[in-house]
Amino acid sequence: MSIQDRLNELGITLPPVAVPAASYLPFARTGKLVFLSGHIAKKDGQVWVGQLGKTMTTAEGQQAARAVAIDLLGTLQVAAGGLDQVVRIVKVMSLVNSSPDFTEHHLVTNGCSELIAQVFGEPGRHARSAFGVAQIPLGACVEIELIAEVA
């Protein structure tokens, strides 16, 4: 089954590459590695604002991280020249806008990791970091970056 078939099965349509909000590139490719810049959570086309442990639940954070994964896949499709060119997802790094007492950053980030594994299968399983931070640009609840190996 192709990656596009898996996306169709999951009912996912990939968005175009987002225009950077500051002075950076959406992705950089060197050799067989593609580095995707951090993508912030969006809901209905707008920044998904919130703070885990204060205004959002872990389940809502997982939905936001899944939404980020879809945006990341849209960028990766362009960066790799097609998702079937992805050899493996190497690493995901997640920043979770959270209150000081929130401790489920890893569970929020599962929203991204689980979708990527569904789409790519075993090559989608990756190394990962998940951090709680005091704030993310534009008040977004989650920001995630990704490194992939491509053919």
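Provided above is the structure to which this section pertains.
Quick caveat: nothing in here was measured; it's all calculated off a predicted structure.

A. View of the overall build of the protein. Regarding its fold elements, the protein presents three helices and seven strands. Secondary structure elements of the protein occur, N-terminal to C-terminal, as α-β-β-β-β-α-β-α-β-β. Computed over the C-alpha atoms, the radius of gyration of the protein is 15 Å, within 12% of the 15 Å expected from 2.2 N^0.38 for a compact globule of 151 residues. Along the first, second and third principal axes, the C-alpha atoms of the protein reach 40 × 35 × 30 Å. Long-range pairs, those at least 24 residues apart, make up 80% of the contacts in the protein with a sequence separation of at least 6. Working note: accessible area of the protein is about 7600 Å², and carbon and sulfur atoms make up 53% of it. Across the protein, the 11 positively charged side chains and the 13 negatively charged ones have centroids separated by 4 Å.

B. Focus on the environment of Gln 135. As for its placement among the helices and strands, Gln 135 is situated in the loop between β6 (127-133) and β7 (142-150). Among the residues examined, Gln 135 registers a relative accessible area of 52% and is labelled exposed. With sequence-adjacent residues up to four places away left out, Gln 135 is seen in contact with Asn 97 and Ala 140. A distance of 2.8 Å separates a polar atom in the side chain of Gln 135 from a polar atom in the side chain of Asn 97.

C. Up close: the environment of Ala 69. With respect to the helices, strands and loops of the structure, Ala 69 is situated in helix α2 (residues 58-80). Relative accessible area serves as the criterion here: at 0%, Ala 69 is assigned to the buried category. Considering only alpha carbons, one finds Ala 69 and Pro 15, 54 residues apart in sequence, at a separation of 11 Å. When residues no more than four places from it in sequence are discounted, the contact partners of Ala 69 are Cys 112, Leu 115 and Ile 116.

How each quantity is defined
Residues numbered from 1 in each chain as written. Predicted model: local features only at pLDDT ≥ 70, side-chain atom pairs only at ≥ 80, totals over all residues. Heavy atoms only, no water. Helix = DSSP H or I, 4+ residues; strand = E, 2+ residues; numbered from the N terminus. Rg over C-alpha atoms; globule rule 2.2 N^0.38 Å. Contact = heavy atoms within 4.5 Å. Areas by Shrake-Rupley, 256 points an atom, 1.4 Å probe, with all protein chains shown as cover. Lys, Arg positive; Asp, Glu negative; His and termini not counted. Charge placed at Lys NZ, Arg CZ, Asp CG, Glu CD. Buried < 20%, exposed > 50% of the residue type's maximum accessible area, 1.4 Å probe, protein only. Polar contact = N/O pair within 3.5 Å; in protein donor to acceptor, adjacent residues only side chain to side chain.

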